[in-house]
Amino acid sequence: MQNDHPLRYDFVSPQRIVFGWGRRREVGTLAGSVGRRAFLISGSRTLDEQGMLEEITKSLRAESIDPIPTGMISREPEIRDVDRVADQIRGLQIRPGDFVLAVGGGAAIDLAKAVAAMATNPEGQTVKDYLENVGRNLKIIHPPLPVLAMPTTAGTGAEATKNAVISCYDPPLKKSLRNDLLVPRIALVDPELTISMPPDLTAATGMDAITQLIESFVSRKAQPIPQALAVQGLKLAIPAVAEAVEDGTSREAREKMAHAALLSGMCLANSGLGMAHGVAPALGVHCRVTHGQACAVMLPVALRANRYVCRAEFAQLAHLLFGKDPSTAPDEAVDMLIAEIDRLCDRVGVPRRLSQLGVRAEQIPDIVASSRGSSMSGNPRELSDDELTGLLKEIL
C-alpha cells in the first residue's frame, strides 16, 4: 500500500452508533443517556415542514428532556454562525446535562460540533482562533458538550468525524476545527430521513461519500480498519447511488447509501483524504460550489492524477468492486475502475466541467493556492501548483 510505515494507528468513532429504518423514534431514550437539556440545531426546512422536527421534540419531552431550538442552517456554516450560536448557548448558562442535538446534513452537524466545542472553550474571541492554520491556532482544552447527531443526508459522514468544516468569504477560507473530542457521542442514523432529498442532492452527497471512501483507501495516511470499511462502503454505494437518484423512495438504496456515508465518515476521520477533498473547499469559498458537487466533479480527475502511484490499490478496487480478474494487467484494471466511475458520474448527472459550476479561468490561481490543506497532504501523489493548475484547466 502507499503507506510503508510500520503498522501503528489509532481509531476514533462515535461511542455508540444506532442505525436502522425508523430508529429516529428512539431519539428520546438515546438522548436521555446523554443529558437533560438539548440545544437543537437543524438543517432541513423540509423535515420541519413534514413534521419530523416536531416528532423529535415530542420524543425528547416524553423523556423529560428540554429541547431548546438554537439554530437552523441551510448552507455550509460560516465563522459568524458558529460564534453567534455559541454565544447564544453560553448565554443560557451551561450546566451539567447539556448537550447538542444535530438533525440535518453535514452543514448542520458540523455547525453543531463546532458550537459544542466553542460553548465550553471561550478563551478565543471567535472560532477562527481555533481553525487549522488560521487565526491564533488555539487548541480545544475543555471537553465539548456531547453531540447526538442525526444525519438527514447520505454523504459527508459528519456524524462520525472528528472535524467541523467552517467557511468564511471575506477573506475567503474554508478550514477545519479538528479534535478527537469532536466525534459525536451518539450517531443515530435513520435512512428514512434521507427520503426527502431531491435527486440532485442525492447525487452530490452520494458521490461525496464515494469520493471519501476511495480517497481514504489510498491516502498516504491509510490504515487497515478504515480500508476494510472503505471496501464495504464502496460495495454498498456504487450500485445504490444511481438507484437512490432515480427512485428516491427505494428503501434498499437509501439504507445502503446511509450506511456507506457513515462508513465514509469513519474512514476519513482515521485515514484522511486526498486531492478531490483538497480542491473542494477552495471551489466552495472562491466559486460557491457546494461540497458534494465539488467532490463529485473532482473525483475522476483525482483518479487519473493518482493512477500511476496507486496502480496496485486501484487494480485491487477494480477486482473487489467490479469483478475484474486479479490476474489482469494492473493498468487494464485501473482503466476499468476509472471507466466505471466515469459511467457512474454520467448516470447520476455529475457535471464534468468546472465551467458548468460557474468556475472562471481567472479564479484558478486562487483555487490552487487555497487547496493546500490537510486533505491535500494525504494525496498519494505530490502535486506542484503548476501540475494542479494544469489539471484544473483541463476540466475547465
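It should be noted that the structure appears before, not after, this text.
Below is a summary of the structure that appears in this document.

About the thresholds
Residues numbered from 1 in each chain as written. Predicted model: local features only at pLDDT ≥ 70, side-chain atom pairs only at ≥ 80, totals over all residues. Heavy atoms only, no water. Salt bridge = Lys/Arg side-chain N within 4 Å of Asp/Glu carboxyl O. Helix = DSSP H or I, 4+ residues; strand = E, 2+ residues; numbered from the N terminus. Buried < 20%, exposed > 50% of the residue type's maximum accessible area, 1.4 Å probe, protein only. Expected span 1.5 Å × (residues − 1). Patch = residues over 30% accessible without salt bridge, like charges linked within 9 Å, V, L, I, M, F, W, Y side chains within 5 Å. Areas by Shrake-Rupley, 256 points an atom, 1.4 Å probe, with all protein chains shown as cover. Polar contact = N/O pair within 3.5 Å; in protein donor to acceptor, adjacent residues only side chain to side chain. Contact = heavy atoms within 4.5 Å.

**Brief notes about the pattern of salt bridges**
- In this structure the tally under the stated criterion is 31 salt bridges.
- Where R220 meets E382, a salt bridge forms, and the shortest distance between an N and an O atom there is 2.9 Å. Within this pair, whereas R220 is found in the loop between α6 (199-218) and α7 (224-246), its partner E382 is found in the loop between α14 (374-377) and α15 (385-394), the two being separated by 162 residues in sequence.
- The exposure class of R220 is partly exposed, given its relative accessible area of 33%.
- A residue is classified by how much of its surface remains accessible, and E382, at 57% relative accessible area, is exposed.
- Between D335 and R307 there is a salt bridge; the shortest N-O distance is 2.8 Å.

**Some points on helix α4 (residues 79-90)**
- The end-to-end C-alpha distance of α4, which contains twelve residues, comes to 17 Å, matching closely the 16 Å that a straight helix rising 1.5 Å per residue would cover.
- Three or more residues of α4 are buried, namely I79, D81, V82, D83, V85, A86 and I89.

**Considerations on a nonpolar patch on the surface**
- Taken together, L7, Y9, F11 and I225 make up a surface patch of nonpolar side chains, about 360 Å² in accessible area.
- In this fold, L7 is placed in the segment before β1 (16-19).

**Examining the side chain of R37**
- Its location among the elements puts R37 in strand β2 (residues 37-42).
- One polar contact links R37 to D98, side chain to side chain, over a distance of 2.8 Å.
- When sequence neighbours within four positions are dropped, the list of residues in contact with R37 reads I65, D66, I68, L92, Q93, I94, R95, G97, D98 and F99.

**Some points on unusual backbone geometry**
- Going from D170 to P171, the amide bond is cis rather than trans, its omega being 0 degrees.
- Relative to the helices and strands, P171 resides in the loop between β6 (163-169) and β7 (172-178).
- Positive phi values are uncommon outside glycine, yet S64 reaches one of about 60 degrees.
- On the basis of relative accessible area, S64 is assigned to the exposed category, the value being 60%.
- The backbone of R288 sits at a positive phi, close to 60 degrees, despite the residue not being glycine.
- By the element assignment, R288 lies in the loop between α9 (275-287) and α10 (291-306).

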